[in-house]
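If you want the building blocks of each chain, they are given just below.
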Amino acid sequence: MRKNTTQKIGIYFFLVCTLILFLGPIVWIFALSIRPPESAFQYPPTLIFKPTLDAFHHVFVSPGIQLRQLFNSIIISLGAVVINLPLSFLAAYALSRFPIKRKGLIMGWYLGLLMAPPVVFLIPYFILMNNIGLSGTHLSIILVLQLITIPFSVWLLKSFIDDIPLEIEEAAQIDGAGTWKILRSITFPLCGPGIIVTTMFAFVFAWNNAIFPIVLSVQKTATIQIGAFSYFGASGVQWSVIGAIAVAAMVVPMVIFLVLDKFVVRGLTFGSVKG
Amino acid sequence: MLAPSFILLFALTLYPLIFAVRNAFFYWNLQTSPTPQMFVGLDNFKNAFTFTPFMASLRNTLLIAFIGIIIEITIGMFIALALSAKMPYLTFVRALLIMPTTIAPIIVGFMFRYMYWDVTGLIPWIAKTLHIPEPGAGYLGSTGTALPAILLADIWQWTPFFAIVLYAAIVSVDSEMIEAARVDGAGGIRVVWSIILPTIKPVMVVIVLLQFMKLFNIFDLVYVLTRGGPGDSTMTLSYSLFQQGLVNFNIGVAAAMTIMIVAILNILVFIYTKFVMKGAKLS
Amino acid sequence: MNIGLNLTKEGLLRRKSVAASTALVFLTSSVLIGVGGNSSAQAAADCANKTLQLLSVGDPFEYALKEVLPQFTAETGIKVNLESLDNQTLSSRLATAFVTKKSDLDVVTVDNIWVGQYYDNGWILSLNDLIKANKDVDLKDMVPGVLYSISEWRGQFVGLPMAPYAQGVMYRTDVYKSLGIKTPAAGWTWDEYLANARKINGKTVNGKKMYGTVIVGKQPVPIVHMYTQLMAGQGARWFKKFPEAPWDFTPTLASKQNIRAATMYRDLYKVSPKEAISFDWFAAGMRFADGDIGQMYWWTPYFYLVQNKGYMSGKPSPIVGKYAIADLPSEKGKPANISTGGWQLSIPSTAECPEESFKLVKWVNSAKAQKAMAKVDKYGTQFSDFGRYSNLRDPELVKMYPYLPKLEKMLEAGNGKVSRPGMQIYPALEGVYGLQLNKILLGADVKKTLTETNSLFSNLLGGNMLLPYKGKSYDDTLQATKDLIASLS
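Rules used in this analysis
- Residues numbered from 1 in each chain as written.
- Chains lettered and ligands numbered in written order.
- Predicted model: local features only at pLDDT ≥ 70, side-chain atom pairs only at ≥ 80, totals over all residues.
- Heavy atoms only, no water.
- UniProt positions renumbered as here; feature names shortened; annotations may be inferred.
- Helix = DSSP H or I, 4+ residues; strand = E, 2+ residues; numbered from the N terminus.
- Contact = heavy atoms within 4.5 Å.
- Buried area = accessible area lost by both parts, 1.4 Å probe.
- Salt bridge = Lys/Arg side-chain N within 4 Å of Asp/Glu carboxyl O.
- Domains from an automatic or database assignment.
- Polar contact = N/O pair within 3.5 Å; in protein donor to acceptor, adjacent residues only side chain to side chain.
- Nonpolar A, V, L, I, M, F, W, Y, C, P; charged D, E, K, R; others polar.
- Pairing = 2+ DSSP bridges.
- Axes fitted to C-alpha atoms, helices over the stretch in contact; angles between N-to-C directions.
- Parallel < 35°, antiparallel > 145°, perpendicular 65-115°, else oblique.
- Left-handed = near helix turned anticlockwise from the far one by under 90°.
- Phe/Tyr/Trp six-rings, centres within 6.5 Å; stacked < 30°, edge-to-face > 60°.
- Buried < 20%, exposed > 50% of the residue type's maximum accessible area, 1.4 Å probe, protein only.
- Patch = residues over 30% accessible without salt bridge, like charges linked within 9 Å, V, L, I, M, F, W, Y side chains within 5 Å.
- Areas by Shrake-Rupley, 256 points an atom, 1.4 Å probe, with all protein chains shown as cover.
- Lys, Arg positive; Asp, Glu negative; His and termini not counted.
- Charge placed at Lys NZ, Arg CZ, Asp CG, Glu CD.

Further remarks concern the UniProt feature "transmembrane region" (unreviewed entry) in chain A. Here, the residues flagged by UniProt with the feature "transmembrane region" (unreviewed entry) are residues 12-34, 70-95, 107-127, 139-157, 186-207 and 239-260 of chain A. Summarising residues 107-127 of chain A: 90% helix, 0% strand, and an end-to-end C-alpha distance of 28 Å.

This next bit is on the interface of chain A and chain B. Of the residues lining the interface, 90 residues belong to chain A; the matching set on chain B comes to 90 residues. Between chain A and chain B the total buried area reaches about 8,000 Å² when both faces are included, carbon and sulfur atoms providing 83% of it. The interface formed by chain A and chain B holds 1 salt bridge in total. Its salt-bridge partner being D261(A), residue R94(B) comes within 3.7 Å of it at the nearest N-O pair.

Right, let's get into the domain arrangement of chain A. All names here are of chain A. Looking at chain A, the domain boundaries give domain 1 (5-53) and domain 2 (56-268). Computed over C-alpha atoms, the centres of domain 1 and domain 2 are 31 Å apart. Each partner contributes residues to the interface: domain 1 has 12 residues there, and domain 2 has 11 residues. Together, the buried faces of domain 1 and domain 2 total about 860 Å²; carbon and sulfur atoms form 78% of this surface. Looking only at domain 1, the three residues that lose the most surface to domain 2 are F30, S33 and L53, adding up to 48% of its buried area. Inspection of the domain 1/domain 2 interface yields 0 salt bridges. Summed over the shared surface of domain 1 and domain 2, the number is 3 residue pairs in polar contact (both at pLDDT 80 or more). Among the residues forming the side of domain 1 that touches domain 2, the class breakdown is 10 nonpolar, 1 polar and 1 charged.

All names here are of chain C. An order of β2-β1-β3-β15-β6 is seen for the 5 strands of this open sheet, with the pairing classed as mixed. Each having just a single partner strand, β2 (79-85) and β6 (160-165) make up the two edges of the open sheet. Taken over all neighbouring pairs, the strand axes of this sheet differ in orientation by 20 degrees on average, direction set aside. Of the strand pairs in this sheet, strand β1 (residues 51-57) and strand β3 (residues 107-111) are connected by 2 bridges, and their pairing is parallel. The partner of L54 across the bridge, within β3, is V107. In this fold helix α2 (residues 62-76) packs onto β1, β2 and β6, with an angle of close to 170 degrees to the strand it touches most, β2.

A separate point is the domain arrangement of chain C. All names here are of chain C. Segmentation of chain C into domains returns domain 1 (51-164 + 340-417 + 477-488) and domain 2 (167-337 + 425-463). Each partner contributes to the interface: domain 1 provides 24 residues, whereas domain 2 provides 25 residues. Counting the surface lost from both domain 1 and domain 2, the interface buries some 2,300 Å², and carbon and sulfur atoms represent 67% of this. Joining domain 1 to domain 2, the criterion identifies 0 salt bridges. Run the count over domain 1 and domain 2 and you get 2 residue pairs in polar contact (both at pLDDT 80 or more). Breaking the side of domain 1 that touches domain 2 down by element, the ones donating at least two residues are α3 (87-99) and α17 (404-413). Per element, the largest residue contribution to the side of domain 1 that touches domain 2 is 3 residues, and it comes from α17.

With their axes 10 Å apart at the nearest point, helix α1 (residues 5-33) of chain A and helix α3 (residues 54-83) of chain B run at an angle of 130 degrees to one another. In terms of orientation, α1(A) and α3(B) fall into the oblique class. The two elements α1(A) and α3(B) meet at a crossing, and its hand is left-handed. On α3(B), the residues touching I11(A), F14(A), L15(A), T18(A) and F22(A) of α1(A) are F78(B), I79(B), A82(B) and L83(B). For the contact of α1(A) with α3(B), the residue count by class is 8 nonpolar, 1 polar and no charged.

On to the packing of aromatic side chains. Two aromatic rings, taken as a pair, are described by how far apart their centres are and by the angle between their planes. All names here are of chain B. One pass over the structure, following the stated rule, counts 69 aromatic pairs over all chains. Judged by centre distance (5.2 Å) and plane angle (65 degrees), the rings of F66 and F212 are edge-to-face. Remark: F212 occurs in helix α10 (residues 188-216) and F66 occurs in helix α3; sequence separation between them is 146 residues. Residue classification places F66 among the partly exposed positions, given a relative accessible area of 42%. What makes F212 buried here is its relative accessible area of 9%.

This part is about the pairing of strand β15 (residues 341-346) of chain C. A regular strand carries its side chains on alternate faces of the sheet. Residues and elements named next belong to chain C. Burial analysis of β15 places 6 of its 6 residues in the buried class, which makes it a mostly covered element. Inspection of the sheet shows β3 paired to β15 by 4 bridges, in the antiparallel sense. Opposite V108, over in β15, you have S346 as the bridge partner. Alignment of β6 against β15, held across 5 bridges, turns out to be antiparallel. Looking at the pairing, Y165 lines up with G341 of β15.

What follows covers the side chain of D292(C). Residue and element names in this part refer to chain C. With respect to the secondary-structure elements, D292 resides in the loop between α11 (281-290) and β13 (293-299). Look at D292 and you get buried, because its relative accessible area is 11%. At a separation of 2.9 Å, a polar atom in the side chain of D292 contacts the side chain of R287. If sequence neighbours within four positions are ignored, D292 has contacts with R172, K208, K209, M210, Y211 and R287.

Further remarks concern the side chain of S346(C). Residue and element names in this part refer to chain C. With respect to the element layout, S346 can be found in strand β15. From its side chain, S346 meets the backbone oxygen of V158 in a polar contact 2.8 Å long. Here S346 is in contact with D106, V107, V108, V110, I124, V158 and G159, once residues within four sequence places are set aside.

This next bit is on the pattern of salt bridges. Within this structure, the stated rule accounts for 26 salt bridges over all chains. In this structure, the salt-bridge partner of R68(A) is E83(C), at a minimum N-O distance of 2.8 Å. With R68(A) in helix α3 (residues 65-97) and E83(C) in strand β2, this pair bridges two chains. Here K158(A) ties to D162(A) by a salt bridge, and the two come within 3.0 Å at their closest N and O atoms. With K158(A) and D162(A) both in helix α6 (residues 138-163) and 4 residues apart, this pair spans about one turn of that helix. Among the residues examined, K158(A) registers a relative accessible area of 3% and is labelled buried. D162(A) gets classed as buried once you look at its relative accessible area, which sits at 14%.

So, on to a positive patch on the surface. A cluster of basic residues, K208(C), K309(C), K315(C) and K322(C), forms a positive patch on the protein surface. Exposure remark for K315(C): the relative accessible area of 42% places this residue in the partly exposed category.

Attention now goes to the packing of α1(A) against helix α11 (residues 239-259) of chain A. All names here are of chain A. Look at α1 against α11: their axes get within 7 Å of each other, and the N-to-C directions meet at 130 degrees. When the axes of α1 and α11 are compared, the pair comes out oblique. Helix-helix and strand crossings are classified by hand; for α1 and α11 the assignment is left-handed. For the pair α1 and α11, contact is made by I26, I29, F30, L32 and S33 and by W239, S240, G243, A244, A246, V247, M250, V251 and M254, respectively. Residues of the contact of α1 with α11, tallied by class, amount to 11 nonpolar, 3 polar and no charged.

Below, the discussion takes up the environment of V271(C). Residues and elements named next belong to chain C. Among the structural elements, V271 can be located in the loop between α10 (256-270) and α11. Judged by relative accessible area, V271 falls into the buried class, the value being 7%. Residues contacting V271, with those up to four places away along its chain left out, are A197, R198, N201, Y211, G212 and T213.

Moving on, we get to the sheet that holds strand β10 (residues 211-213) of chain C. Residues and elements named next belong to chain C. Read across the open sheet, the 4 strands follow the order β10-β13-β7-β14; overall the sheet is mixed. Where the open sheet ends on each side, the last strands, each with one partner, are β10 and β14 (323-326). Sheet twist, expressed as the mean angle between neighbouring strand axes with direction ignored, is 25 degrees. Note that β10 and β13 share 2 bridges and pair parallel. Within the sheet, the bridge partner assigned to T213 lies in β13 and is Q295. Where helix α8 (residues 190-200) meets the sheet, its contacts fall on β7 (167-172), β10 and β13, and the angle it forms with β13 comes to roughly 140 degrees.

Dropping the structure here:
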């Protein structure tokens, strides 16, 4: 499509406005995190103030409660990925390659899991984790997170495995290689990018989850996502500190998404749309 | 080979359903007893209507889901079309635009709670500058504006998702077809309507379903922004289920609500796949 | 672009991977056990080197408490790790932690209305024996009404008060004077209170347009805190018979008195700033501090909090020196039924070292620690929530907080169990009540809404097997608490 100059300017103008609308709030929160507390509600709102790192100091150094929460977020997200990946890779491979009956139903079941309200799972699991003595551990959150990460990863990985030409595996099979060997020496390496993408998205999904830690965590295992609730006291809201926590919580997924730019569409649609 | 993942997940997901079906017929307050306390027949279903705002929650949830999806896909489409113009720097714009979608919904909640702050917050200030009067009780405090305020936060977060995905779909449309249509004198709107839209329909059908469900399950924003208030104007199904099951620990009533919510969800998905998705086969 | 929703390729490969999947399950489960084992293994309690985990609500006392804790560590050698949460998050965090019996907490702040729920469910310990064994607790120095309202449940002290509050009126002396309104006198009525608010509303005083009052409208919890004071003041009750035995939880919310109270609360909202509908405790208090509110009744910590502009700002508010404290209004010839509430420190039944926990509970409750908290002067002195006569009458403290004699009278007359009966499912009832009251402020019909609330209460109480009440009652009177104090001292 060829555009004339007016059209081009129009499109640029529209997109700049769009960027301002969608990035403005993020800039506003970054600014909040380095505001002196008394300027949090300066009227009219302004971006001119003397920046300070006090809020970050409070959050991560002294008393630094959120540093522990940051570690908890990392442990829980990594743990979720570690359990998720082998299980979903094998399932995805089988769904992609084997003539399984009712394959559509199984894939639909996985998709259904992604659509059900998490609270529905949460109530029974809250009780179950208690009965099996896992309440208050990182593991309880990691396990329940599998309800989100496995279905998502199966869909995404299957789309990557589907892309690998069947002929390569068939050739190997004719050469006498067994399924396990083919899987290990051909499919897995060829699927490398898919595995990296899946891992990173699963990490982000686990990282961004708040409802499971809200219910399943204790003070020691609380994550950074819910750290801000400590600063909504009846004696006022400490907004700069909340800003600092928000920034810490949002930087990780942002960086991952920037790195994965090429795969964002595929990841967000669980592999059903290949961008 | 499918076995480990599938069996694990099957067991994991079947458990909540069995749990719900069994306990929906028992009185069980988890605070007083670790096991169900007594059989009460259908009382829990009745109680779900008499002491939880179930109908208000259902209404709000459906409002959020339908209105949210329409607005997000419409704005997303415009942005996607603009992005698909072959001009310099647009890749850069696209990479930045997705940022809101990357943020945890609960953090988006904190961001908007700050920006909605009465009078001195960013949003009331902008509205005032544009001569839009702020409701007396603030955006989150007035029955008329609290639900739209939550919706706005969701729209902010997920419109870029639609824009980026639809953009990916649009760029794959055969450009020769568009060129040919142009030569035949078709205008921009015609091109979008009769060439681009039909081609990207399969993508739209899928992402609309995914996003509808995300909106249907909305929890984090409600938890941070309004906790269901003012009145019950922003109660959603997820939030009232949470309230019953994990704040008041009325497990029986929560189980009854779970069954009803899952049933509603299944009916909606059935209708959607039957009438909208009949073209695109879902695996 | 490629829509990956069609499964077309069917593989030719055979399933030969039983071994592989077995290995995998084995691997996964060993990871699970590894992680789980690590975190769930209970270390044998080492009470000598215990660092106490103290989870607190983010209330006004929090920052004074934080400043004095090092003194406790210096005296006892016990370290304390203080963390805080907002009121509602704290209550759900505590409830989930206690239900699972997996709390990692040694001492918690407990709101007076949670005692029924927490003690009846076995979540917190009775401190009777520990109090008896530690004579230096000196219960006789405490205002009996405070212990009764905050810490006593079924004849047990389930905590020791740290920051008891009553409710009283703050009014702007300059505004009253310039509009010629009579200074509130003992025995003034709620009708007069409303009339004064109406007189002030809309008037301009010293160039500022005034609102008559400011109410708290945020649901579910904050609105109930303020409304129930008015409700109790009008003589309305939640239940047919409570706290006196035998308990009967038949709700009485649609009573004539309550309809009058709710109507008046809505009338007060009409002379408040509109945004008060979403005000919580602090937002309302700070609005009074901003200077355009003529009068308000509220928890007593606001007597000092309103002197500052915002939280920990250390900047004086514009109303310093321009407001005075008055008693709550009452109905003609009836008691004011002052709502006493506030926070205590309690010990979870899962605490590993209750003896060490109690040292902290006792220390914070002591007159010495309370005085130290009152003297913390980081952003201006901000703590006068005493429950001890020796603090309330301390000349040095009275000089800093001149309203202490008034506070003492308020606390002595207070009864928190009438205004907010902290029985077993109080939090669930409060959730419903707050929502319904909020609807009234939004314009719902008072009588219809309260009748509806009453039946919601009946359903909830019946659904929780409390109606009719078949459990044990306890004749919960001030006299019984006084007897208990005597028996433990």
